[in-house]
Amino acid sequence: MASTRLDPIDRKILAELQADGRMTNVELAKRVGISAPPCLRRVRTLEEAGYIKGYHAEVDARELGFEVQVFASVGLASQAEADLTAFEDRCRAWPLVRECHMLNGEVDFILKCAAPDLSSFQRFLTGELLTTPNVASVKTSLVIRGAKDEPGVPFDVLEERLASTA
């Protein structure tokens with residue numbers, strides 16, 4: 001299903017679940033204006049189609065003792081597909097790497113890392129990341145504070161876009 005094939009109720013379901021994935025099906029159905037059985041069928045269809053990838057709790061990293069968040073910009077010596085895939089596989093195996101995105105531009109990848117303290121991150125940086133085959137350069141930026149961390153997509157923008165093309 002492309003976003004244009006999602007009807008307004010499907011988009012409302014997605015927006016509501018993105019905002020609160022713990023709500024009951026009865027509450028969700030009430031919010032989107034349909035009864036519970038068809039709402040559950042729609043949710044299952046959205047899950048099967050890949051629009052809903054999972055349900056997660058947002059945990060407080062600092063409360064769990066992860067005081068350090070770092071963005072690492074990584075340049076590779078080779079951008080051959082096999083080398084890109086090998087680096088992505090390595091990133092998936094590193095627990096401190098929470099996100100890995102391939103970029104277009106000056107750097108090849110940006111990694112979002114979470115560590116309990118600066119010395120833990122430094123051990124990862126010097127003992128793992130910098131010694132990885134094909135890594136040519138790494139620049140790190142320590143997060144001082146976050147101003148916005150909004151998961152998902154802006155459904156209001158999607159609705160405006162769909163309304164302007166209708």
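Quick note: structure is the one above.
Just so you know, the residues in each chain are numbered from 1, in the order the chain's sequence is written. This being a predicted model, a pLDDT of at least 70 is required before a residue's local features are given, and a value of 80 or more before pairs of side-chain atoms are given or counted; all residues contribute to the totals for chains, interfaces and linings. Here the side-chain values reflect all heavy atoms present in the structure, with hydrogen atoms and water set aside.

## Regarding the nonpolar core
How we decide: Nonpolar core, defined: a set of buried Ala, Val, Leu, Ile, Met, Phe, Trp, Tyr and Cys residues in which side-chain atoms within 4.5 Å join the residues together. Per-residue accessibility, obtained with a 1.4 Å probe over protein chains only, is compared with the maximum for each type, and a residue is labelled buried under 20%, exposed over 50%, and partly exposed between these values. Comment: elements are numbered from the N terminus, with helices defined as DSSP H or I runs of at least four residues and strands as E runs of at least two.
Ranked by internal contacts, the top residues of the largest apolar core, which has 20 residues, are Val74, Phe87, Leu111, Phe124 and Leu129. Among the elements of the structure, strand S1 (68-76), helix H4 (81-93), strand S3 (109-115) and helix H5 (118-129) are those that each provide at least two residues to this core. At 5 residues, S1 tops the list of elements feeding residues into this core. Leu6, Met23, Leu28 and Ala29 belong to the second largest nonpolar core, which has 16 residues in total.

## Considerations on helix H6 (residues 155-165)
Quick reminder of the rule: What the arc describes is the spread of directions from the helix axis to the C-beta atoms. Every residue pair with non-hydrogen atoms within 4.5 Å of one another is taken to be in contact.
Phe155, Leu158 and Leu162 are the residues of H6 that are buried. In an axial view of H6, the angular spread of the buried residues amounts to 55°, which keeps them on one side of the axis. In H6, the exposed positions angled more than 90 degrees off the buried face are occupied by Asp156, Glu160, Ala163 and Ser164. If you follow the buried residues of H6, they end up packed against helix H1 (8-19).

## Regarding the sheet that holds strand S4 (residues 135-142)
Hydrogen bonds along the backbone pair up the strands of a sheet, which may run parallel or antiparallel. Rule in force here: Whether two strands pair comes down to DSSP finding at least two bridges between them. Inter-axis angles, ranging from 0 to 180 degrees, are taken between N-to-C directions of lines fitted to C-alpha atoms, where helices are fitted over the stretch in contact.
On the basis of which strands lie adjacent, the open sheet formed by 4 strands has the order S2-S3-S1-S4 and antiparallel pairing. Here the strands that pair on one side only, and so sit at the sheet edges, are strand S2 (97-102) and S4. Direction aside, the axes of adjacent strands within the sheet are offset by 20° on average. Examined bridge by bridge, S1 and S4 share 7 bridges and lie antiparallel to one another. Across the sheet, the residue bridging to Phe71 is Ser141, located in S4. Lying on the sheet, H4 is in contact with S1, S2, S3 and S4; it crosses S3 at an angle near 10°. The strands touched by H5 are S1, S2, S3 and S4; relative to S4, the strand with the most contacts, the crossing angle is about 170°.

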